[in-house]
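# Structural overview for review
The residues making up each chain are set out below.
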Amino acid sequence: MKIIPLVPRGYCKGVLRAIQIAKNTVKQYPNTPITILGPIVHNHYVTEALQSLGIHTLMDQGKTRYALLDEIDEGVVIFSAHGVSEYVVEKAKQKGLIVVDASCEDVKLTKEKVMHHIADGYTIFYIGKHHHPESEGVCFNHPEVRVIETPHDIPQLDPHTKIVVTTQTTMSTTMVDSLVNAIKAQYPDALIEPQICFATSSRQNAVLNMDETIDGMIIVGDTTSNNTNKLEQLAKSNAHVHTVVKINDLSELDPRVFDHCHAVGITSGASTPNSITDSVIAFMNAYAKDPSVSKSDHYPTHIL
Ligand code: SF4
């Protein structure tokens, strides 16, 4: 059995930047309570590692970021890589909090473009996930923006309505293509401006174009990570690949399910710590040579 790590995989620039900002904040504001408004990125190992540095994360609890902010009354608030609505920024300032913004630049760019189009009188069809923090950051308090997750979400508007179609940065290209086709069938004049980021599309392309000998796939990432879940969907849609497993980390891996595979590809979402993916790669390489190998020799020694 060959083990083939896909390239690129794992951490993207936006996630690395957000984690670095959080770490710098600890140094910049010693002896000050520091709270992240929702997980900084969608990976619980990262959340736990930041907690060990003294940074508390307020979990979503099904609330909007705007409502969640009611639970922070002092110190520093860090906004996550997913971005936040301008209403959240304003509310944090009014509460007297020190604001640190770790929003990814690509997410901010999408928001800026949406605001620009709204000012020009467009209605925005935003292909994304309902209740995801990134879509909330763009859509909150903007009735001109309609979130489209399935064809059922496409609204019936006056056919002369000026429409721009844009996307959450971490959507799958194939899903966006299919929703754009459905929108175009109803609104042929709609402007199409997808905003899937390079980190997301390049990781998806690596799965779509992977070596044809690969018949097993391991996806490493958190169940809450949208881009990780899209990688899993794409791997499952590949006719050559009959065994796809998504795991949080090495402890969840049962390597025996790949015993009948010729080649196993390994990839990971943009918020998955590289040390966790590397431990899975190292273990699978060892397992391919000696199935009696122990997992405990390969667990990562660090996360951040
Ligand atoms: S996946 Fe894309 S949008 Fe999200 S943090 Fe990474 S680079 Fe930014």
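Residues numbered from 1 in each chain as written. Predicted model: local features only at pLDDT ≥ 70, side-chain atom pairs only at ≥ 80, totals over all residues. Heavy atoms only, no water.

## Some points on the overall build of the protein chain
Looking only at helices and strands, the protein chain features 10 helices and 12 strands. The C-alpha radius of gyration of the protein chain comes to 21 Å, within 12% of the 19 Å expected for a compact globule of 304 residues. A burial count over the protein chain gives 54% of its 304 residues as buried. Across the protein chain, contacts joining residues at least 24 apart in sequence account for 71% of those joining residues at least 6 apart. (Helix = DSSP H or I, 4+ residues; strand = E, 2+ residues; numbered from the N terminus. Rg over C-alpha atoms; globule rule 2.2 N^0.38 Å. Buried < 20%, exposed > 50% of the residue type's maximum accessible area, 1.4 Å probe, protein only. Contact = heavy atoms within 4.5 Å.)

## Some words on the pairing of strand 12 (residues 263-268)
The element strand 12 is extensively covered by neighbouring structure, given that 6 of its 6 residues are classed as buried. Both faces of strand 12 are covered, namely the face carrying A263, G265 and T267 and the face carrying V264, I266 and S268. Summarising the sheet, strand 1 (residues 2-5) and strand 12 pair through 4 bridges and their orientation is parallel. Directly across from K2, in strand 12, lies its bridge partner A263. By the bridge criterion, 5 bridges tie strand 10 (residues 216-220) to strand 12 in an arrangement that is parallel. Across the sheet, residue G216 finds its bridge partner in strand 12, namely V264. (Pairing = 2+ DSSP bridges.)

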